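The residues making up each chain are set out below.
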Amino acid sequence: MWRIIIAICGIFVAGAAIAVPATVDYIIDGDTFAARVNLDDDIKITVRVRISNVDTPELHGMCDYEIRMANIARDRLAQLIPIGSTVELTDIRDDKYLGRIDARVSDSDGNDVGKILITENLGRAYNGGRRLRWCE
């Protein structure tokens, strides 16, 4: 048990300095997915990852436009990082929700997934703090 706790803490502390490979398990929404991470030869965990540099619309949004855009962003994220693909997690930080981390995410070609979503107008740049509303 202590090995697991130490390994998880090591990822969060060292996460800013190293890239941690992870395998995409499933897509949650436009800026969040679950991934399997190998902490050690015999220790594997599944963790929810929020892409830290992008804010996409919410699936349970405040208006039809937000909900429609949230579905498009989720589907595009599934194209960018398909289930079973390997991604690199960097700048790993603990998230406000238990069991979730914030991280910058690069696809198998080294492309910043958050920047792609922003460039395609499926999300906005995000650096923490309060999220803006998508509905007017």
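Residues numbered from 1 in each chain as written. Predicted model: local features only at pLDDT ≥ 70, side-chain atom pairs only at ≥ 80, totals over all residues. Heavy atoms only, no water.

**Q** Please clarify how the pattern of salt bridges should be interpreted in this entry.
**A** Where charged atoms from two side chains of opposite charge come close, those side chains can pair. Considering all chains together, one arrives at seven salt bridges under this definition. Among the ionic pairs, Arg36 bridges to Asp25, the shortest N-O distance being 2.8 Å. Linking Arg36 in strand β2 (residues 32-40) with Asp25 in strand β1 (residues 20-29), this pair joins segments that are 11 residues apart in sequence. Classification of Arg36 by relative accessible area gives partly exposed; the value is 37%. For the salt bridge of Asp55 with Arg124, the shortest nitrogen-to-oxygen distance reads 3.7 Å. With Asp55 in strand β4 (residues 54-55) and Arg124 in strand β7 (residues 124-125), this residue pair connects regions lying 69 residues apart in the sequence. Residue Asp55 is classed as buried on the basis of its relative accessible area, which comes to 4%. (Salt bridge = Lys/Arg side-chain N within 4 Å of Asp/Glu carboxyl O. Helix = DSSP H or I, 4+ residues; strand = E, 2+ residues; numbered from the N terminus. Buried < 20%, exposed > 50% of the residue type's maximum accessible area, 1.4 Å probe, protein only.)

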